[in-house]
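A closer look at the structure
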Amino acid sequence: MNRRFTCIVCPNGCEITAELDGGKIVSVAGARCKKGGAYVRQELTCPRRTFSTSIILEGGKLPLVSVRLTKPIPKEKIFAVNELIHRQKAQAPVRIGQIVLENVLGLGSDVIITKNADRLS
Amino acid sequence: MTAIHKEAVIVGGGPGGLAAAVKLKQQGITDIIILEREKQLGGILRQCIHDGFGLTRFGETLSGPEYAQRFIDLVEQEKIEYRTDTTVLSISPEKHLTAVSPQGLLEIDSAAVILTTGCRERTRGSVAIPGERPAGIYTAGVAQTYLNLKNIMVGKKVVILGSGDIGLIMARRFTLEGAKVEAVFELQPYPGGLARNVEQCLNDFDIPLYLSHTITDIIGGARLEAVIVSEVDEQKRVKPGTSRRIECDTLILSVGLIPENELSAGASVALDPRTGGAYVDENFMTGVEGIFAAGNALHVHDLVDFVSLEAEKLAEAAAKFIRRGKLPVCGIKLVTDKNIGHIIPQSISGTKDVTLTLRVGRPLTGGALKLQQDHQDLLSQKFIKLVPAEMIEIKLAKELIKSTSEIKVVIAHE
Ligand SMILES: Cc1cc2nc3c(=O)[nH]c(=O)nc-3n(C[C@H](O)[C@H](O)[C@H](O)COP(=O)(O)OP(=O)(O)OC[C@H]3O[C@@H](n4cnc5c(N)ncnc54)[C@H](O)[C@@H]3O)c2cc1C
Ligand code: SF4
């Protein structure tokens, strides 16, 4: 059986065709680099994604500050993690890299601030 | 009012302008200033909070604001002068600039002017959708500003017209913010944005993408209530009997970006209708000596990494121009066949190796991309598939160039 994948690891977005035999990968074609094969393997076992959103910033020059995950998490956990993040608030000032949630839901990824924002003086 | 003098003025403090400024400084050009209309440096990246920036540049995947901050930090370190809240109103062909800020007018005479003013979005007017004019219709970038910078949610039931990257990214953002994205409709038979964004922003969230579809009517009073969508044929004519109604309170337009070139006309900078940006030579110099352009102001990029690179190449050339007062003549024109959407630069000197950047006009499968001069192939690159969403680079070594005749860029089918 053949299955098609769009690799999302880099902007090339290679269309990869994987030949599968009962869940096992027999061959992959179409990947422009080695990461493509690893991506297909991950998609078959446990697809992972990162995402970004923003949280309320209290006392800041901006009403919001953006955050992201440091590592991809299992795809089916996106909504749970998203909900948890939305319950967080940050206090100005904040700096890039500051941790909002460490090892979120025990998934091995942190939620970090991605924008510097000063206090409203 | 007396004008101040500068070696270089950089108009626009987005990633293009920041990279150009840092590179100029590193090349020993110290008397420079960045003018930025917004209150902060960083350009459009301030609102692009998703990750995927900087993979080529830094080998890691950053969000837009983080990517911008790396360059802002360099600008600070290099002690480069900048003014925010300062809008350039006009530039003359003699490189006299007039800008306005809350402190008043600013007049500058400069040896070189660098245009890194970014791009703007096509709006409803430029795609001509008939129907009512209710509230609830936004361009993707405006919705991105509301959601990511101002904490304003624009709607709950969303339809997206156009599958450009910003529209795709916004489909995911809306979903994560609790809105329901009903569908994305695209006029072309192929997606406008990158395949990875179709995958991770639509497919991951089961948002359907309908190709060869358009919106044929807009329904609503004070607020949008529904849109009518129809299928189109190859000639983009609406297929009769295919229309259906989709209830929604918000319509997002992601129908393309155009280089921002309001200042160019006044400066007599000629624009290429294919890119919407200036004609430039291999030095990123426009038709007006000493005026340079790069980044989205020149042609729309999908990756900021390439914007930074392009701006740095520009800065290297601009530094030479500032020191010598001129640059080598670029008499070799680059012309394209109908398969090629556009090419940058549009002319070269033939005396140095150059990287050409181009996009195809429509998806192409199986063939070769060729550069020809005097009816001979200079180089030929085979490809399996080329799509308009992807920017293509070709390196052309100076040794390959045989004369000063024009170089043709063509697609040969197999
Ligand atoms: C709405 C929108 C969303 C985008 N989202 C993405 C995305 O999600 N991912 C991605 O990879 N790319 C995205 N892009 C493309 C992105 O713009 C480029 O990757 C990159 O930011 C371009 O850099 P730039 O410096 O050329 O332009 P910009 O970042 O647009 O910077 C131009 C700067 O010039 C300033 N300016 C303009 N005119 C004047 C004037 N007259 N006087 C003074 N200052 C002026 C502007 O205020 C702005 O700060 C988006 C573009 C737009 C328009
Ligand atoms: S296979 Fe390699 S080159 Fe292709 S999209 Fe994946 S990471 Fe990028």
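Provided above is the structure to which this section pertains.
Residues numbered from 1 in each chain as written. Chains lettered and ligands numbered in written order. Predicted model: local features only at pLDDT ≥ 70, side-chain atom pairs only at ≥ 80, totals over all residues. Heavy atoms only, no water.

Focus: a positive patch on the surface
All names here are of chain B. Taken together, the side chains of Lys313, Lys320, Arg323, Arg324, Lys326, Lys352 and Lys395 define a basic patch exposed on the protein surface. At four residues, helix α8 (residues 304–324) tops the list of elements feeding residues into the positive patch. Along the chain, the position of lysine 320 falls in helix α8. (Patch = residues over 30% accessible without salt bridge, like charges linked within 9 Å, V, L, I, M, F, W, Y side chains within 5 Å. Areas by Shrake-Rupley, 256 points an atom, 1.4 Å probe, with all protein chains shown as cover. Salt bridge = Lys/Arg side-chain N within 4 Å of Asp/Glu carboxyl O. Lys, Arg positive; Asp, Glu negative; His and termini not counted. Charge placed at Lys NZ, Arg CZ, Asp CG, Glu CD. Helix = DSSP H or I, 4+ residues; strand = E, 2+ residues; numbered from the N terminus.)

Some thoughts on the interface of chain A and chain B
Facing 33 residues of chain A, the contacting portion of chain B comprises 32 residues. Between chain A and chain B, a total of about 2600 Å² is buried, with carbon and sulfur atoms accounting for 53% of that surface. In this assembly, chain A and chain B are joined by five salt bridges. Among the ionic pairs, aspartate 204 of chain B bridges to lysine 75 of chain A, the shortest N-O distance being 3.0 Å. Here chain A and chain B share 13 residue pairs in polar contact (both at pLDDT 80 or more) between them. For the side of chain A that touches chain B, the elements supplying multiple residues, two or more each, are β5 (52–58), β6 (64–69) and α2 (78–86) of chain A. Of the residues belonging to the side of chain A that touches chain B, the class tally is 15 nonpolar, 12 polar and six charged. (Contact = heavy atoms within 4.5 Å. Buried area = accessible area lost by both parts, 1.4 Å probe. Polar contact = N/O pair within 3.5 Å; in protein donor to acceptor, adjacent residues only side chain to side chain. Nonpolar A, V, L, I, M, F, W, Y, C, P; charged D, E, K, R; others polar.)

Some remarks on the site of ligand 1
All names here are of chain B. Not every one of the 33 residues close to ligand 1 is listed here, only the nearest: Glu36, Ile44, His50, Asn296 and Asp302. The contact in question runs from an oxygen atom of ligand 1 to an N or O atom on the backbone of isoleucine 44, over 3.0 Å. Separating an oxygen atom of ligand 1 from a backbone N or O atom of aspartate 302 is a distance of 2.7 Å. Considered on its own, ligand 1 offers 980 Å² of accessible surface; in the complex 94% of this is hidden by protein. (Near = heavy atom within 4 Å.)

Points about the packing of aromatic side chains
Residue and element names in this part refer to chain B. Throughout the structure, instances matching the rule amount to seven aromatic pairs over all chains. With centroids separated by 5.8 Å and ring planes inclined at 70 degrees, the aromatic side chains of phenylalanine 292 and phenylalanine 321 adopt a geometry described as edge-to-face. Within this pair, whereas phenylalanine 292 is found in strand β19 (residues 291–293), its partner phenylalanine 321 is found in helix α8, the two being separated by 29 residues in sequence. With respect to burial, phenylalanine 292 and phenylalanine 321 carry one shared label: buried. An aromatic cluster of three or more residues is present, and its members are Phe58, Tyr67 and Phe71. One cation-aromatic arrangement involves arginine 70 over phenylalanine 58; the distance from NZ or CZ to the ring centre is 4.7 Å. We note arginine 244 situated over the ring of tyrosine 210; from NZ or CZ to the ring centre the distance is 4.8 Å. (Phe/Tyr/Trp six-rings, centres within 6.5 Å; stacked < 30°, edge-to-face > 60°. Buried < 20%, exposed > 50% of the residue type's maximum accessible area, 1.4 Å probe, protein only. Lys NZ or Arg CZ within 6 Å of the ring centre and 35° of its normal.)

Concerning the sheet that holds strand β2 (residues 15–21) of chain A
The strands that make up a sheet pair up through hydrogen bonds in the backbone, lying either parallel or antiparallel. All names here are of chain A. Spatial strand order, β1-β2-β3: three strands in an open sheet with antiparallel pairing. Each end of this open sheet is capped by a strand with a single partner; those strands are β1 (2–6) and β3 (24–29). Going across the sheet, the axis of each strand differs from the next one's by a mean of 30 degrees, ignoring polarity. (Pairing = 2+ DSSP bridges. Axes fitted to C-alpha atoms, helices over the stretch in contact; angles between N-to-C directions.)

Notes on the site of ligand 2
Around ligand 2, the surrounding shell consists of Cys7, Val9, Cys10, Asn12, Gly13, Cys14, Ala31, Arg32, Cys33, Lys35 and Gly36 of chain A. Residue composition of the shell around ligand 2, by class: six nonpolar, three polar and two charged.

Quick word on the pairing of strand β15 (residues 224–231) of chain B
All names here are of chain B. With six of eight residues buried, β15 lies mostly within the body of the structure. Note that strand β14 (residues 213–220) and β15 share seven bridges and pair antiparallel. Across the sheet, residue isoleucine 215 finds its bridge partner in β15, namely valine 229. Here β14 hands over to β15 after three residues, the two strands then running antiparallel side by side. Where β15 meets strand β16 (residues 244–247), four bridges bridge the pair, whose relative direction is antiparallel. Opposite valine 227, over in β16, you have isoleucine 246 as the bridge partner.

What to know about the pairing of β3 of chain A
Each regular strand displays side chains that alternate between the two surfaces of the sheet. Residue and element names in this part refer to chain A. Two elements, β2 and β3, share five bridges in a ladder whose sense is antiparallel. Note on β3: the bridge partner recorded for threonine 17 is alanine 29. Joining the antiparallel neighbours β2 and β3 is a turn of two residues, in which glycine 22 adopts a positive phi near 55 degrees.

Observations concerning unusual backbone geometry
The residue after alanine 92 of chain A, namely proline 93 of chain A, is reached through a cis peptide bond having omega 0 degrees. Proline 345 of chain B follows isoleucine 344 of chain B through a cis peptide bond whose omega is -10 degrees. Following the sequence through the fold, proline 345 of chain B ends up in the loop between β21 (340–344) and β22 (347–348). Positive phi is not limited to glycine here, since serine 212 of chain B has a value of about 50 degrees. Position of serine 212 of chain B among the secondary structure elements: in the loop between β13 (209–210) and β14. For serine 212 of chain B, a relative accessible area of 18% translates into the label buried. Located in the positive-phi region is phenylalanine 284 of chain B, a residue other than glycine, with phi close to 65 degrees. Along the chain, phenylalanine 284 of chain B falls in the loop between β18 (257–259) and β19.

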